[in-house]
Structure formats: structure tokens, C-alpha cells
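# Report on the structure
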Amino acid sequence: MSGVMSYGALATKIRGMKSHLLKEKDFENLAQMENISQAIAYLEQIPSYRIVLEKQDAAKLHRSELERLVVGTLYYDFSKLYRFCDKKQKKLLELYFGKFEISVIKRALRRIFNHGDRTGESRELRGFFQKLSNIHMEELSQAGTISELLEALRDTRYKKVLLRLDYGREITLFDYEMTLDLYYFSELWKQKDKILRGAELEMLTRTFGSQIDLLNLTWISRAKRYYQLPTTSVFALVIPVTYHLRDEEIQAMATASDEKELEEILARTYYGRHFEEVAVGELEKLNRQLLNRIYGEERRKNPYSLAVVTSYLHDKEEEIDKLTTVLEGVRYGLEPRETLAYIRG
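Residues numbered from 1 in each chain as written. Predicted model: local features only at pLDDT ≥ 70, side-chain atom pairs only at ≥ 80, totals over all residues. Heavy atoms only, no water.

## Here we look at the packing of aromatic side chains
Threshold: Only centres within 6.5 Å qualify two rings of Phe, Tyr or Trp (six-membered ring in Trp) as a pair; their planes then separate them into stacked at under 30 degrees, edge-to-face at over 60, and tilted for everything else. In this analysis the charged atom, NZ for Lys or CZ for Arg, is taken to sit over a ring once it is within 6 Å of the ring centre and within 35 degrees of the ring normal.
Taken as a whole and judged by the stated rule, the model has 11 aromatic pairs. Connected via pairs of aromatic rings, a cluster forms that spans Tyr75, Phe78, Tyr82, Tyr96, Phe97 and Phe100. We note Lys192 situated over the ring of Trp189; from NZ or CZ to the ring centre the distance is 4.1 Å.

Rendered as C-alpha cells:
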């Protein structure tokens, strides 16, 4: 009963928002569009995308700007949910919000390293961020150097995190991004125990623990397969958290001599034992499938709990990933069947 009391209005709000998520038929229709202008015109008929696209000139919309606008719909949805939450619920969403802050910092870093455009987030999205964040968004959007970026982060925890890097050597974009990711997931794991209790803590432990395990497996396998990084560098990529994985399994994978040994170790882990045909090259696919299953199960099992919030945000992120892929397929003239295969894989 307490769950219904606490989450009844929020669950009703989310049901309404969920009805506006893109359906499979929408992705099929979008994949058949002849150009981006047609795809944008289609999206403008959908309420959640109309709000960010209706004032845009589709013919002049640059690829990066379109991507920012699409991602912006997630921020708008987050702000709607945040306004509906009570004090306790807002604490968790504020923790979750760190993921959005890091995404914005990463985009600024990519503009610096790749010398891209400096338009940054739209004025509306900067306004939304400023309500919950201490990032100086206007300064961040104009940052052309790392020093300027750090200055825009001066009132946040992220400046201290990035200053931990060894500035006595050349620091790459990868270094900055991994440092932010490691900090976010470590902090998320630590703070959840301070915010939640009982069934909600158990639910988020399962969700985030599985995600962290699979990210560690994915990052280790990438480092070994594609970059041939030394063992010490591989360990530096690992989030210092384990759920179903054991420390000795992570150590064994990090020191594996070749891909065959990596596969053998993976097969002996919890994920190798519980999921058929788990292969090193399929870890990202497994990550998506497992998280979709966990969020779906938790939502059905606990319809009046934080699960209804976290599962909706997960579904929205999945939608944006799929939509970005479909729009790229349209941009490059791929056959609809080929484009759809990427999002169904």
C-alpha cells in the first residue's frame, strides 16, 4: 500500500509518457525515409520530439546538432519526472543525473579534441541543466581548451576528478572519458546504500551490479582484443566494483595471453554459465539484452517503486540509441533492412 501511496501519481505519469515512446513500426517507417528532412518531419508528429524539433530548419540542421536535440528529449523527460518526485525519490534521480552531466562534459571534450563546432547544448537545455547542476553551461559550450573546460567545472566534483590524471604525460580523450565513467559508477554504487533500503536497494543493486559487471567485461575484452594494452593499463579501466564477477576472474581476464584464453575464462564466470553462447565479441549485445530483461522484470514485479522510474529512463535511452542509429542509416542511404538489422541485433 505504501508503494501505491508513494508512486501512484508517478506511475500514472510514466504510463502516459511511455505511450509516446517510439514503437517498432515507427523505426520501420523512419528507416524507409529518403532523407533526414523527411525523418525530422516524421518525428515532429510525435509529441516528445516535436518539442525540440518544431522550431528547427531541417535543411540546415547539422548532424551533431540533431543528435543533441534528440538526446535533449531524455533530459526533458527527466525534468518532468523530477517535478513529480518526492524528496527521497529526487535524491536518487539527482544521483542518476550525474550520468547526464558526464555526457555533456564528454561532448565538450570531444569538441576540444576533434576541433568540432562549439554550439554546445541549446539554450533551453542549458537552462534545464542549470537548475540541477553546478556546471557553468555557457562557459562549457564555448570551451576550446582543457583549461577552459576545467574552469567551467570549477564548482563541481568533476574538476577534482579530472585533475587526478597525470598531467606529466600526454592525456588522451579516452583517458578523460574513462576517468569520468569510473568515477560515476563507483560513486553510484557507494551512494545507493546511503539513499535506499529494503526492496528498492536490492532492485538497484541487481540492476547496477549487473551493468557494472558487464561493462568491466566489455572494457577488458576491448582492451585485450583491439588495443593490446599492457596488464597495468587494463586494470586501470576496471570499475572497482564486483557483483556476480569475482576479483580473481577479472584479474585472470586482464592477464589472459590471447582471445582463446579470454573466452575460456569468460565461460567459467556467472555470465558464461547462465547465458548460452556468450562470446567475447558479443558482450555489448549481452549487456543490452540482460539490462532489458532486468528492467522489465523489476517493473513488472514492483510496479509502484523506483523500478518504474529507472526502467522508463532505461527505455528512453534505448530509444535514443536506436533512433540515432536509424537516422545515421537514413543519412548514408542504407537499405531499410540493413538499418533495422543494426537495432535488432
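## What about the packing of helix α2 (residues 24-31) against helix α18 (residues 307-331)?
Going by this rule: Axes here mean lines fitted to C-alpha atoms, for a helix over just the part in contact, with angles spanning 0 to 180 degrees between N-to-C directions. The way it works is that DSSP assigns letters per residue, a run of H or I at least four long becomes a helix, a run of E at least two long becomes a strand, and they are numbered from the N terminus. For classification purposes, angles smaller than 35 degrees are called roughly parallel, those larger than 145 roughly antiparallel, those between 65 and 115 roughly perpendicular, and all remaining angles oblique. Crossings are sorted by hand: turned counterclockwise from the far helix by less than a right angle, the near helix makes the crossing left-handed, and turned clockwise it makes it right-handed. Residues count as neighbours in contact if any of their non-hydrogen atoms are within 4.5 Å of one another. Only Asp, Glu, Lys and Arg are considered charged, only Ala, Val, Leu, Ile, Met, Phe, Trp, Tyr, Cys and Pro nonpolar, and every remaining residue, Gly among them, polar.
Following both chains from N to C, one finds α2 and α18 inclined at 20 degrees, their axes separated by 9 Å at the closest point. As far as their axial angle goes, α18 and α2 are roughly parallel. When you trace α2 past α18, the crossing you get is right-handed. Between α2 and α18, the residues in contact are Phe27, Leu30 and Ala31 and Glu319, Lys322, Leu323, Val326 and Val330, respectively. Partitioned by chemical class, the residues of the contact of α2 with α18 number six nonpolar, no polar and two charged.

## So, the layout of surface pockets
Our working rule: A cavity here means a set of 1 Å grid points, computed over protein atoms only, where a 1.4 Å probe fits but cannot escape. A pocket is an open set with protein on both sides within 12 Å along at least 5 of 7 lines, and lining residues have an atom within 4 Å of a point. Grid points are joined across faces, edges and corners, and a volume is the space filled by probe spheres set on the points.
Considering only enclosed or pocket space, the second largest pocket measures out at about 320 Å³ in volume. Surrounding the second largest pocket, 14 residues form its lining, Arg169, Phe174, Asp175, Ala236 and Leu237 being those nearest its centre. Of the residues forming the lining of the second largest pocket, the biggest block, five residues, is contributed by helix α11 (residues 173-195). Among the residues forming the lining of the second largest pocket, the class breakdown is nine nonpolar, two polar and three charged.

## Things to note about the pattern of salt bridges
Side chains bearing opposite charge may pair, as long as their charged atoms lie close to each other. Heads up, the condition is: Each salt bridge in this description consists of a side-chain nitrogen of Lys or Arg and a carboxyl oxygen of Asp or Glu lying within 4 Å of one another. Buried, partly exposed and exposed residues are distinguished by accessible area as a fraction of the type maximum, computed with a 1.4 Å probe on protein chains only: under 20%, between the cut-offs, and over 50%, respectively.
Tallied over the full model, the rule gives 28 salt bridges. Measuring nitrogen to oxygen at the nearest pair gives 3.1 Å for the salt bridge that ties Arg206 to Glu298. Note that Arg206 is positioned in helix α12 (residues 198-227) and Glu298 in helix α17 (residues 283-301), a separation of 92 residues in sequence. In this structure, Asp315 and Arg299 form a salt bridge, with 3.0 Å as the shortest nitrogen-oxygen distance. Of this pair, Asp315 sits in helix α18 while Arg299 is found in helix α17, placing the two residues 16 residues apart along the sequence. Arg299 gets classed as partly exposed once you look at its relative accessible area, which sits at 25%.

## What to know about empty space enclosed by the protein
Following the criterion strictly, the structure yields one cavity of 30 Å³ or more and no others. Roughly 30 Å³ of volume is contained in the largest cavity. Along its surface, the largest cavity is lined by Leu95, Arg157, Tyr158, Tyr183, Tyr184 and Glu187. Broken down by secondary-structure element, the contributors of at least two residues to the lining of the largest cavity are α10 (157-163) and α11. Take the lining of the largest cavity: its biggest share by element is three residues, from α11. For the lining of the largest cavity, a count of residues per class yields four nonpolar, no polar and two charged.

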